[in-house]
Amino acid sequence: MPCKIQTKIDHFPLKEPFVISRGTRTEAIVVTVELTDLNNQKIGRGECTPYARYGESVDSVIAQIENIRPSVENGISHEALSRIIPAGAARNAIDNALWDLEAKVTGIPAHITAGAKDWAPVTTAFTISIGTPEVMNKSAVKAADRPLLKVKLGGGDNLDIERIKAVRSGAPNATLIADANEGWTENNLPEHFLACSDAGYAMIEQPLPAELDHILKTIDKPVPLCADESAHRREALPTLVGIYDLVNIKLDKTGGLYEALSVANEVQQLGMDIMVGCMLGSSLAMAPAMILASKAKYVDLDGPLLLSADRTPPLHCEQSLLYPPTPELWG
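This report concerns the structure included in the present document. What you see is a predicted model, and the numbers here were worked out from it, not measured in a lab.

## Considering the overall build of the chain
- Looking only at helices and strands, one finds 14 helices and 14 strands in the chain.
- Against the globule reference of 20 Å for 331 residues, the chain gives a C-alpha radius of gyration of 19 Å, in line with a compact fold.
- Here the C-alpha coordinates of the chain stretch approximately 60 × 40 × 40 Å along the principal axes.
- Among the 331 residues that make up the chain, the fraction classed as buried is 56%.
- For the chain, the proportion of contacts with a sequence separation of at least 24, taken over those separated by at least 6, is 67%.
- For the chain, the exposed area adds up to about 13500 Å²; of that, 51% sits on carbon and sulfur atoms.
- Distance between charge centroids for the chain: 2 Å, based on 30 positive and 42 negative side chains.

What follows is the structure, encoded as structure tokens:
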């Protein structure tokens, strides 16, 4: 359908600094795309978070969008969009805005169009940022009544084993996921794996840099592993079989919901489980990802839980239980 496209940069402050192995963030900086249908003035919205790990910035994402403005404004399908712009944050914002616009124009909810029979609330992980073991223990105590915690590791300071123990001590009953964000090394991998196993962690996400995946083929893995940065492109999925047990699907990596649905099917066909993840973002970014939740073993869409200000209306959340969006937000 012919439409007008608008982009803007939005800033969402965080409740607390978000610290991972690559640095610290105090706000989520996102690019918002709005598509206005020229026939009835309905508006569809999508959001993306440019990620420097993949060479993206706010400026580069906006430039990508501007480069294909004529094609989008003339009316474009999800499939055609995937042919003219590569997977990544820019395509994610446009693709999800298309889903939202189609839902608002047709009156058919996006999850129905996507093939999901229902859209139930999901339990999301809650992130514990990297800090000293003492600080992480306190954070775990505060979040101990949440059923699923994602523990950021990979600090590079030889304190991760103490961090692993400290979070388990603070949250003895929670399911724990370790996320090293490529921050471990071949030398310290065995001891970190053992520490996670001893502390009863359910999964370890991306322990090594993606280019070192071959090391994981030859080492004992006492805890299931999940690929994140190693699963940046769909073409790489077959190479992960036998190394990883799960794949973290993020819409900013796949370039939107349309591609993510195909990736999810392929991951399952390859015999791996799905984790649905996110970058730092608002409720608008999490909403389309929730359509994948019914396929996922783990859901990590806690972006709105980390913000001190969100979209209006935001996703409704009760503790760690995240509810589907209202039509006013998305879909």
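## Observations regarding helix 1 (residues 58-67)
- Looking at helix 1, one finds that the buried residues are Val58, Val61, Ile62 and Ile65. All buried residues of helix 1 fall inside an arc of 95 degrees around its axis, so they share one side. Residues of helix 1 that are exposed and angled more than 90 degrees away from the buried face: Asp59 and Asn67.
- The elements touched by buried residues of helix 1 are strand 1 (3-20), strand 2 (23-37), strand 3 (43-48), helix 2 (69-73) and helix 4 (89-106).

## A word on the packing of helix 7 (residues 160-170) against helix 8 (residues 189-198)
- Where helix 7 contacts helix 8, the axes come no closer than 9 Å and their chain directions differ by 10 degrees. Classed by the angle they form, the pair helix 7 and helix 8 counts as roughly parallel. Along its contact with helix 7, which presents Asp160, Ile161 and Ile164, the element helix 8 presents Glu191, His192, Ala195 and Cys196.

## Let's talk about the environment of Leu322
- Considering the arrangement of structural elements, one finds Leu322 in strand 14 (residues 321-322).
- A relative accessible area of 0% means that Leu322 is categorised as buried.
- Between the alpha carbons of Leu322 and Ile9 there is a distance of 25 Å; along the sequence they are 313 residues apart.
- What Leu322 contacts, discounting residues up to four positions off in sequence, is Pro121, Val122, Met290, Leu301, Leu305, Leu315, His316 and Cys317.

## Describing the pairing of strand 6 (residues 148-152)
- Among the 5 residues that make up strand 6, 5 are buried, leaving the element largely enclosed by the rest of the structure.
- Alternating residues of strand 6 divide into Leu148, Lys150 and Lys152 and Leu149 and Val151, and every residue in both groups is buried.
- Taken together, the 3 bridges between strand 5 (residues 126-128) and strand 6 define a ladder with parallel strand orientation. Residue pairing across strands places Thr127 opposite Lys150, the latter belonging to strand 6.
- With 5 bridges connecting them, strand 6 and strand 7 (residues 175-179) associate as parallel partners. Looking at the pairing, Leu149 lines up with Leu176 of strand 7.
- Once the chain exits strand 6 it traverses helix 7 before rejoining the sheet at strand 7, and the crossover so formed is right-handed.

## Describing empty space enclosed by the protein
- If you walk through the whole model with that rule in mind, you get 1 cavity of 30 Å³ or more.
- Here the largest cavity is characterised by a volume of approximately 100 Å³.
- Along the wall of the largest cavity there are 14 residues; nearest its centre are Leu251, Asp252, Cys278, Met279 and Ala285.
- Where the lining of the largest cavity is concerned, the elements lending two or more residues are helix 11 (251-254) and helix 13 (283-289).
- Of all the elements, helix 13 adds the most residues to the lining of the largest cavity, at 3 residues.
- For the lining of the largest cavity, the per-class residue count stands at 7 nonpolar, 4 polar and 3 charged.

## Observations regarding the pattern of salt bridges
- The tally for this structure, following the rule as stated, stands at 19 salt bridges.
- Between Arg311 and Glu47 there is a salt bridge; the shortest N-O distance is 2.8 Å. Linking Arg311 in the loop between helix 14 (303-306) and strand 13 (317-318) with Glu47 in strand 3, this pair joins segments that are 264 residues apart in sequence.
- The class for Glu47 is buried, based on a relative accessible area of 1%.
- As a salt-bridge pair, Asp273 and Lys297 come within 3.9 Å of each other at their nearest N and O atoms. Placement of Asp273 in strand 11 (residues 273-276) and of Lys297 in the loop between helix 13 and strand 12 (298-299) is noted, with a sequence separation of 24 residues between them.
- One network of salt bridges, with partners in common, ties together Lys150, Lys152, Asp179, Glu205 and Asp300.

Rules used in this analysis
Residues numbered from 1 in each chain as written. Predicted model: local features only at pLDDT ≥ 70, side-chain atom pairs only at ≥ 80, totals over all residues. Heavy atoms only, no water. Helix = DSSP H or I, 4+ residues; strand = E, 2+ residues; numbered from the N terminus. Rg over C-alpha atoms; globule rule 2.2 N^0.38 Å. Buried < 20%, exposed > 50% of the residue type's maximum accessible area, 1.4 Å probe, protein only. Contact = heavy atoms within 4.5 Å. Areas by Shrake-Rupley, 256 points an atom, 1.4 Å probe, with all protein chains shown as cover. Lys, Arg positive; Asp, Glu negative; His and termini not counted. Charge placed at Lys NZ, Arg CZ, Asp CG, Glu CD. Arc of directions from axis to C-beta. Axes fitted to C-alpha atoms, helices over the stretch in contact; angles between N-to-C directions. Parallel < 35°, antiparallel > 145°, perpendicular 65-115°, else oblique. Pairing = 2+ DSSP bridges. Right-handed = clockwise from strand over helix to strand, strands pointing away. 1 Å grid on protein atoms, 1.4 Å probe; cavity = no way out; pocket = protein on both sides within 12 Å on 5 of 7 lines; lining within 4 Å. Points joined across faces, edges and corners; volume = space filled by probe spheres on them. Nonpolar A, V, L, I, M, F, W, Y, C, P; charged D, E, K, R; others polar. Salt bridge = Lys/Arg side-chain N within 4 Å of Asp/Glu carboxyl O.

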